[in-house]
Amino acid sequence: MYLTRNEEAIFNGEYGEIPQKAMKALVKVGEVSGANKLVRVNHVHISGISYFNIGDPGIEFLEGFADAETKFATYTTANPYAILVPYRNKRFSEEVILKQSKIIRALTRMGAKAFTCAPYYIRRPSVGEHIAWAESNAVLYANSIIGAHTNREGGPLAFFEAIVGETYFSGVHLYDGRIPKCYVSVEKPANYVESALLGYKVGETCPDRIPYVEGLANVSESWLRAFLSAFGATSGAPMVVIEGVTPHYRKLFSDSGLKSKIFVSLSPEELSFTKGSRSPEDAVYIIGCPHLSTKEIVGIINYVLNNCPKRSNESKELWLITGPYSANAVYRYENKLRDKGVRLLYNSCPVVTRLDLLGIKYVITDSGKALYYLPKLAGVRALIKDRSVILKEFCGGR
Ligand code: F3S
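Just so it is clear, the model here is predicted, and its values are computed rather than measured. (Residues numbered from 1 in each chain as written. Predicted model: local features only at pLDDT ≥ 70, side-chain atom pairs only at ≥ 80, totals over all residues. Heavy atoms only, no water.)

**Looking at the domain arrangement of the chain**
For the chain, the assigned domains read domain 1 (5-173), domain 2 (178-266) and domain 3 (276-394). Computed over C-alpha atoms, the centres of domain 1 and domain 3 are 27 Å apart. Taken together, the contact pairs 25 residues of domain 1 with 29 residues of domain 3. Both sides of the domain 1 and domain 3 interface together cover about 2300 Å² of buried area, and 64% of this is carbon and sulfur. For domain 1, the biggest contributors to the area lost against domain 3 are Ile 83, Tyr 87 and Arg 88; these three give 33% of the whole. Viewed at the interface, domain 3 and domain 1 are joined by 1 salt bridge. The shortest N-O distance in the salt bridge between Glu 135 and Lys 369 comes to 2.8 Å. There are 7 residue pairs in polar contact (both at pLDDT 80 or more) connecting domain 1 and domain 3. Within the side of domain 1 that touches domain 3, the residues separate by chemical class into 16 nonpolar, 5 polar and 4 charged. (Domains from an automatic or database assignment. Contact = heavy atoms within 4.5 Å. Buried area = accessible area lost by both parts, 1.4 Å probe. Salt bridge = Lys/Arg side-chain N within 4 Å of Asp/Glu carboxyl O. Polar contact = N/O pair within 3.5 Å; in protein donor to acceptor, adjacent residues only side chain to side chain. Nonpolar A, V, L, I, M, F, W, Y, C, P; charged D, E, K, R; others polar.)

Put into structure tokens, the structure is as follows:
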């Protein structure tokens with residue numbers, strides 16, 4: 001791999017041991033991926049920061065770097081952390097809360113600007129900009145909707161990329177790496193959850209290839225996010241070329257030479273999900289995977305304030321999850337919402353939280369990604385329903 005004089009100096013340890021370690025990791029991965037050079041990135045996004053995932057070794061790793069006065073060399077954001085609020089009379093131990101705080105503090109000391117899985121609402125990259133993001137839904141949004149260039153990084157590599165401020169120039173950083181290899185047609189979804197279920201199925205259809213998808217041209221940003229985040233659960237591809245949405249989609253399609261398309265639709269059984277089956281009495285409703293945009297959360301809050309009755313402490317709860325970008329718009333509603341059994345949660349993620357330790361058994365969600373990962377990582381059973389069905393059901397309107 002070609003290295004500039006400055007990169008070579010970092011590689012040889014002239015700037016110290018830590019940048020050297022980071023550069024070596026980056027060059028190694030780059031060489032394996034066939035990159036012949038590195039490229040400067042304006043934004044790195046790190047994933048994998050929940051104490052439940054990285055444990056004590058993760059804290060030691062991060063604190064080791066922070067104690068050595070490591071600073072990120074470029075604008076850096078990080079994924080959400082574990083939800084630490086109590087549920088009914090159960091709460092996580094002081095030890096868990098302290099350890100999660102140590103992770104947050106170490107990353108903040110190094111320069112992390114925000115904790116959210118929607119970093120595009122914190123700093124929106126431009127078309128063609130090179131960035132290095134971990135977190136599949138964010139990667140898919142950046143490549144497919146914005147037209148920025150990022151491979152689907154792993155958490156530790158993204159951390160090293162933040163220290164160096166560069167990434168390896170291969171994969172979807174190159175035009176050729178963005179050409180679709182799988183041609184899919186879908187029926188325009190009728191609601192949020194149909195978009196999520198379609199994303200899930202398109203991911204199963206193209207588990208390791210970038211698809212070209214027709215049928216989503218006039219779908220809202222919110223539904224596209226539902227589609228892409230669910231796609232990321234069943235496919236390893238870093239991008240979906242969406243007809244009518246992805247910058248340069250016409251050229252990417254014509255350069256692909258794709259001819260035969262695969263039709264992906266929802267079966268009557270899958271469609272029946274979207275209407276909603278009976279929910280367990282003790283389920284918690286969670287909306288916000290990926291983190292709600294300010295427009296989405298304000299819309300939901302308005303609905304709840306106008307349609308939900310007051311509740312006693314022990315009745316159903318609805319959790320709305322968003323990033324720091326929505327805080328100013330929604331803080332003032334916190335008390336009124338609490339009376340209705342609604343909690344606003346910021347910067348956190350239910351999937352990377354051991355919800356079972358809080359006594360939660362079931363979650364009702366509108367997210368295809370959460371449906372896939374909650375049972376594996378959070379120790380709870382999950383049901384998927386459309387956002388409108390969840391809200392109606394929660395407010396007692398069905
Ligand atoms: Fe975000 Fe966690 Fe879902 S990181 S996309 S809320 S799994």
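Moving on, there is more to tell.
**Some details on the state of the cysteines**
On inspection of all chains with the given rule, the structure shows 2 disulfides. Two residues share a disulfide in this structure: Cys 182 and Cys 206, whose sulfurs sit 2.1 Å from each other. Given an S-S torsion of about -60°, the disulfide between Cys 182 and Cys 206 has left-handed geometry. With Cys 182 in strand E8 (residues 182-186) and Cys 206 in the loop between helix H7 (192-205) and strand E9 (211-214), this pair connects stretches of sequence that are 24 residues apart. Here Cys 182 matches Cys 206 in class, with each residue buried. Note that Cys 308 is cross-linked by a disulfide to Cys 395, the S-S spacing being 1.8 Å. Residues Cys 308 and Cys 395 are joined through a disulfide that is left-handed, its torsion about the S-S bond being -45°. Here the residue Cys 308 occupies a position in the loop between helix H11 (294-307) and strand E13 (318-322), and Cys 395 occupies one in the segment after helix H15 (387-394), the gap between them amounting to 87 residues. (Disulfide = S-S within 2.5 Å. Helix = DSSP H or I, 4+ residues; strand = E, 2+ residues; numbered from the N terminus. Buried < 20%, exposed > 50% of the residue type's maximum accessible area, 1.4 Å probe, protein only.)

**A look at the packing of helix H8 (residues 221-234) against helix H14 (residues 368-378)**
At a minimum axis distance of 7 Å, the contact between H8 and H14 shows a crossing angle of 35°. For the pair H8 and H14, contact is made by Ser 229, Ala 230, Gly 232, Ala 233 and Thr 234 and by Gly 368, Lys 369, Tyr 372 and Tyr 373, respectively. (Axes fitted to C-alpha atoms, helices over the stretch in contact; angles between N-to-C directions.)

**Focus: the nonpolar core**
Core analysis: the biggest nonpolar cluster contains 58 residues, and Ile 46, Phe 72, Leu 107, Phe 159, Trp 319, Leu 355 and Ile 360 have the highest contact counts within it. Looking at this core element by element, the count peaks at 7 residues for helix H6 (residues 155-164). Per-domain counts for this core show at least three residues from each of domain 1 (5-173) and domain 3 (276-394). The residues touching Leu 107, leaving out its near neighbours within four places in the chain, are Ile 46, Ile 49, Leu 62, Phe 72, Ala 112, Phe 115 and Phe 159. Among the nonpolar cores identified, the runner-up in size contains 44 residues, and Val 139, Tyr 212, Leu 228 and Val 240 belong to it. (Core = buried A, V, L, I, M, F, W, Y, C linked by side-chain atoms within 4.5 Å.)

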